[in-house]
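# Observations on the model geometry
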Protein chains: 2
Amino acid sequence: MSTQNKAVVYVRLKEGVLDPQGVTIHKSLQQMGYDDFVSVRSGKFFELEIKADAADMDKKIEEVSSKLLSNPVIENYTVEK
Amino acid sequence: MSTQNKAVVYVRLKEGVLDPQGVTIHKSLQQMGYDDFVSVRSGKFFELEIKADAADMDKKIEEVSSKLLSNPVIENYTVEK
């Protein structure tokens, strides 16, 4: 049995929020001749290793996701365990 | 039926490559009192919308993942469809 747990927090821009990195990549793809791509949206994720004996982690992961890992004004996050 | 297909490319630093963003976030978590986290690794992902009638997309997605979306020297990528 693993002595650690893991969670992944995925952070993406809310719908309607401009994604300059995605737009730039999309333009580059077109310039490179890849014209089958309709759009590109970028996001980030964080792999968290957690102590096996940690308590109350669901709550703590939600807290750090909204306080530190994402900007709730413009970003959404999802947690995968 | 959707008129578009979607693929997500996840890009992460190779094992052994220093992740300053992850290290900084881990330190911040500890300073905030969250000491149940053993480590944090950061990564990015790209959601690609693809034309429904596009051909040969598996190959093209592999190409753009290694040429544009990731740096093969220090990063790995995985594709999810």
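The structure this text deals with has already been given above.
Take helix H1 (residues 20-31) of chain A next. Along an α-helix, a turn takes 3.6 residues, which lines up residues three or four apart on a common side. Counted at 1.5 Å a residue, the expected span for H1 of chain A with its 12 residues is 16 Å, and the 16 Å between its end C-alpha atoms agrees. For H1 of chain A, the full list of buried residues reads Gly22, Ile25, His26 and Leu29 of chain A. Here the buried residues of H1 of chain A occupy an arc of 100° about the axis, which is enough to place them on one side. Turned more than 90 degrees away from the buried face of H1 of chain A, the exposed residues are Pro20 and Gln31 of chain A. Along its buried surface, H1 of chain A packs onto strand S2 (37-51) of chain A together with strand S2 (37-51) and helix H2 (57-69) of chain B. Note on H1 of chain A: the residue one or two positions beyond its end, glycine 33 of chain A, has a positive phi of about 95°.

This brings us to the packing of aromatic side chains. Enumeration over the complete set of coordinates arrives at 5 aromatic pairs over all chains. Between the aromatic rings of tyrosine 10 of chain A and phenylalanine 45 of chain B, the centroid separation amounts to 6.0 Å while the plane-to-plane angle is 70°, which identifies the pairing as edge-to-face. Of this pair, tyrosine 10 of chain A sits in strand S1 (residues 4-13) while phenylalanine 45 of chain B sits in strand S2, placing the two residues on different chains. The same class applies to tyrosine 10 of chain A as to phenylalanine 45 of chain B, namely buried. By way of ring pairs, the aromatic residues Tyr10 and Phe45 of chain A together with Tyr10 and Phe45 of chain B are connected into one cluster.

As a further point, take the relation of the copies chain B and chain A. For the pair chain B and chain A, the best superposition has an RMSD of 0.0 Å and corresponds to a rotation of 180° with a translation of 0.0 Å parallel to the axis. Taken together, the rotation and translation relating the two chain copies correspond to the operation of a two-fold axis. Every residue of chain B has its C-alpha some distance from the rotation axis, and the shortest such distance is that of lysine 44 of chain B, at 2.0 Å. Taken as a fraction of all interface residues of chain B, those also at the interface in chain A reach 100%, which identifies the copy contact as same-surface.

Once that is clear, we can look at the interface of chain B and chain A. On the side of chain A, 37 residues touch chain B, which itself brings 37 residues to the contact. Here chain B packs against chain A, burying approximately 3300 Å² in sum over the two surfaces, 65% of which is carbon and sulfur. Seen at the junction of chain B and chain A, the total is 4 salt bridges. Where aspartate 36 of chain A meets lysine 60 of chain B, a salt bridge forms, and the shortest distance between an N and an O atom there is 2.7 Å.

This paragraph deals with the sheet that holds S1 of chain A. In any sheet, the strands associate via hydrogen bonds between backbone groups, in a parallel or an antiparallel arrangement. Strand order across the open sheet formed by 6 strands is S3(A)-S1(A)-S2(A)-S2(B)-S1(B)-S3(B), with antiparallel pairing between neighbours. What marks the edges here is a single partner per strand, and that holds for strand S3 (75-80) of chain A together with strand S3 (75-80) of chain B. Strand-to-strand twist across the sheet, computed as the mean angle between neighbouring axes with direction ignored, equals 25°. Bridge count for S1 of chain A against S3 of chain A is 6 bridges, and the pairing is antiparallel. Paired with leucine 13 of chain A across the two strands is glutamate 75 of chain A, which belongs to S3 of chain A.

Here we come to the pattern of salt bridges. By the definition in use, this model includes 10 salt bridges over all chains. Arginine 12 of chain A serves as the salt-bridge partner of glutamate 47 of chain B, at 3.1 Å between the closest nitrogen and oxygen. One end of the pair, glutamate 47 of chain B, is in strand S2; the other, arginine 12 of chain A, is in strand S1, on a second chain. A relative accessible area of 14% places glutamate 47 of chain B in the buried class. The partly exposed category is assigned to arginine 12 of chain A, whose relative accessible area is 26%.

Cut-offs applied
Residues numbered from 1 in each chain as written. Chains lettered and ligands numbered in written order. Predicted model: local features only at pLDDT ≥ 70, side-chain atom pairs only at ≥ 80, totals over all residues. Heavy atoms only, no water. Helix = DSSP H or I, 4+ residues; strand = E, 2+ residues; numbered from the N terminus. Expected span 1.5 Å × (residues − 1). Buried < 20%, exposed > 50% of the residue type's maximum accessible area, 1.4 Å probe, protein only. Arc of directions from axis to C-beta. Contact = heavy atoms within 4.5 Å. Phe/Tyr/Trp six-rings, centres within 6.5 Å; stacked < 30°, edge-to-face > 60°. Least-squares fit on C-alpha atoms with pLDDT ≥ 70 in both. Buried area = accessible area lost by both parts, 1.4 Å probe. Salt bridge = Lys/Arg side-chain N within 4 Å of Asp/Glu carboxyl O. Pairing = 2+ DSSP bridges. Axes fitted to C-alpha atoms, helices over the stretch in contact; angles between N-to-C directions.

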